[in-house]
Amino acid sequence: MISVARTAARTACARTVCLLVLALLLGACASRTPLTDDLSRHGFSEHGSAENGSAGPSVIELTDVPFHPQRRYQCGPAALATVLEYAGHPADVAQLRDRVYVPARRGSLQPEMRAAVRDYGLLPLAHPADMRMLASNLAQGYPVLVMQNLGFERLPIWHYAVVVGIDLEAGNVILRSGTQQRETLSLKRFERSWARAAHWGMTLHAPDAVPAHATEQTWLQAAAPFEQTGSPGVAEVAYSAALERWPQSFHAQMGLGNVQYQRGRFDDAEVAFRRATTLDAAHPAGWHNLAWALIRQQRFSDAEAPARQAAAMAADESSRYRSALEALQAQHPSAGNE
Amino acid sequence: MPQGILRHRLLNALLIFMLIGVTAPAAHAGIVGTDYLLHEQAVSEERQRLATLLERDDVQAALMAHGVSAGDAAERVASLSEQELQAFGAQMDELPAGAGAVTILLVLILLILILR
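Here the structure is a predicted model, which means the values were calculated and not measured.

Attention now goes to the pattern of salt bridges. Residues and elements named next belong to chain A. What the rule picks out here adds up to 11 salt bridges over all chains. Here Glu-61 and Arg-182 are joined by a salt bridge, their closest N and O atoms 2.9 Å apart. With Glu-61 in strand 1 (residues 59-61) and Arg-182 in strand 8 (residues 180-186), this residue pair connects regions lying 121 residues apart in the sequence. Owing to a relative accessible area of 25%, Glu-61 belongs among the partly exposed residues under this scheme. Here Arg-265 and Asp-268 are joined by a salt bridge, their closest N and O atoms 3.0 Å apart. Counted as one network, the salt bridges with shared partners bring together Glu-236, Arg-263, Arg-265 and Asp-268.

With that settled, the discussion passes to helix 2 (residues 34-42) of chain A. Helical periodicity: at 3.6 residues per turn, an α-helix aligns residues three or four positions apart in one direction. All names here are of chain A. Within helix 2, burial applies to Leu-35, Thr-36, Asp-38, Leu-39 and His-42. The buried residues of helix 2 all sit within an arc of 160 degrees when viewed along its axis, so they share a single face. Gly-43 occupies a position one or two residues after helix 2 and carries a positive phi of about 65 degrees.

Now for the environment of Arg-192 of chain A. Residue and element names in this part refer to chain A. Secondary-structure assignment places Arg-192 in helix 7 (residues 187-195). By relative accessible area, which is 27% here, Arg-192 ends up partly exposed. Each C-alpha atom, one on Arg-192 and one on Leu-134, is 15 Å from the other, the two residues being 58 residues apart in sequence.

The subject of this paragraph is the confidence of the model for chain A. Residues and elements named next belong to chain A. Looking at chain A as a whole, the pLDDT averages 85, with 85% of positions reaching at least 70. Note that residues 1-29 has pLDDT below 50 and, in this model, 14 contacts with residues that lie over four places away or in other chains. Long-range and interchain partners of residues 48-54, a stretch whose pLDDT sits below 50, account for 9 contacts in this model, where long-range means more than four residues apart.

Let us now look at the packing of aromatic side chains. Under the counting rule described, the total for this entry stands at 3 aromatic pairs over all chains. Judged by centre distance (5.6 Å) and plane angle (25 degrees), the rings of Phe-190 of chain A and Trp-194 of chain A are stacked. Taken together, the residues Phe-190 of chain A and Trp-194 of chain A, both in helix 7 and 4 residues apart, mark about one turn of the helix. Residue classification places Phe-190 of chain A among the buried residues on the basis of a relative accessible area of 0%. Relative accessible area serves as the criterion here: at 0%, Trp-194 of chain A is assigned to the buried category. In this structure, Arg-320 of chain A packs its charged tip against the face of Tyr-36 of chain B, placed 4.0 Å from the ring centre.

Thresholds, definitions, all that
Residues numbered from 1 in each chain as written. Chains lettered and ligands numbered in written order. Predicted model: local features only at pLDDT ≥ 70, side-chain atom pairs only at ≥ 80, totals over all residues. Heavy atoms only, no water. Salt bridge = Lys/Arg side-chain N within 4 Å of Asp/Glu carboxyl O. Helix = DSSP H or I, 4+ residues; strand = E, 2+ residues; numbered from the N terminus. Buried < 20%, exposed > 50% of the residue type's maximum accessible area, 1.4 Å probe, protein only. Arc of directions from axis to C-beta. pLDDT = per-residue confidence, 0-100. Contact = heavy atoms within 4.5 Å. Phe/Tyr/Trp six-rings, centres within 6.5 Å; stacked < 30°, edge-to-face > 60°. Lys NZ or Arg CZ within 6 Å of the ring centre and 35° of its normal.

Structure representation (structure tokens):
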């Protein structure tokens, strides 16, 4: 009986897998280049507008982006030097190679690429999988460093290049790539190579200038690592800029307070965390960090109320959101008793 | 007696000092970092995305047709670990933009069968 049920389940499972494969194939038939279709349909018009691109320009090219030809397998450092120089930070390719090139992998890993950008005080902002956004970034003067897979899904050939232009009339993407100063690829071929690399892309930004394509999440994710890498000043500027763009952002407000706390400005941090608790009173982190900012100022009795709030919202006994209350209880054993 | 209180106070001051030092030796001492908060947010958004998907009428109807109750599916989504959520999120991102209920559903059912 049991074995029958199990066989039935297995058959059902196999059928599901078959259906899944079929569905994916059907999906693939629909269009393998949806981003190109989207771009061709709308042209360079802004996101969300319904007009055809006929009125606008059909070619964007940042002709003054420099070119650093790559040496063997070292497309990463070369592409990085290209975007860094255009962002006003001339970089030595050899130096970048030491920073990002991993000989054993004959290439550079994305986290290393982002870290190298941070060394120059710039935010490496993740680029969405969107070709109209690609065009709009070029129009605003941001070349886009992209990853491509020039091989196959199963046999990948990873490659970094810099998109510097799009020519809708000819249907081409223009890149600084490898040893080619001005490589042109058809939109569709480019899209497929980009898609095989999970549409990985990034643009470089000064911490005080939030670009149009940044979302609250991508911007803050690009800013947060500066807290740990010894440049909290950059993070503070980036969080402040985020709050100008998204005044209601709880996470930007928390980030600002965290940086100030980290720099020993506990009174500033207190103000920041207080505001965070007004933005999201249901999140324990605001209350928790506020309590610690007060503890650091030796204002133990003021810290008690927010510490209690945080502890009350803590998920379980071991939660970190109980630590402020525990610290206070260690000081005044009566603090914990109602 | 007053001396005893003083000693008590001093001991407590020392204790809290140690606690601050012990819980986190870095400049971060005590507070919850921004990177942790952002990670937490990303995970909960992924869970929300899945839960919203399950609430769609067409998805619920299709689930029923395959003998999976919507309540069961929702329960499983709630109990997915971070890694499983991420794996599922990656699957969903691979699907064509306007994927219909059937496609989404097949991924869902596959996921549920694997995790069963």
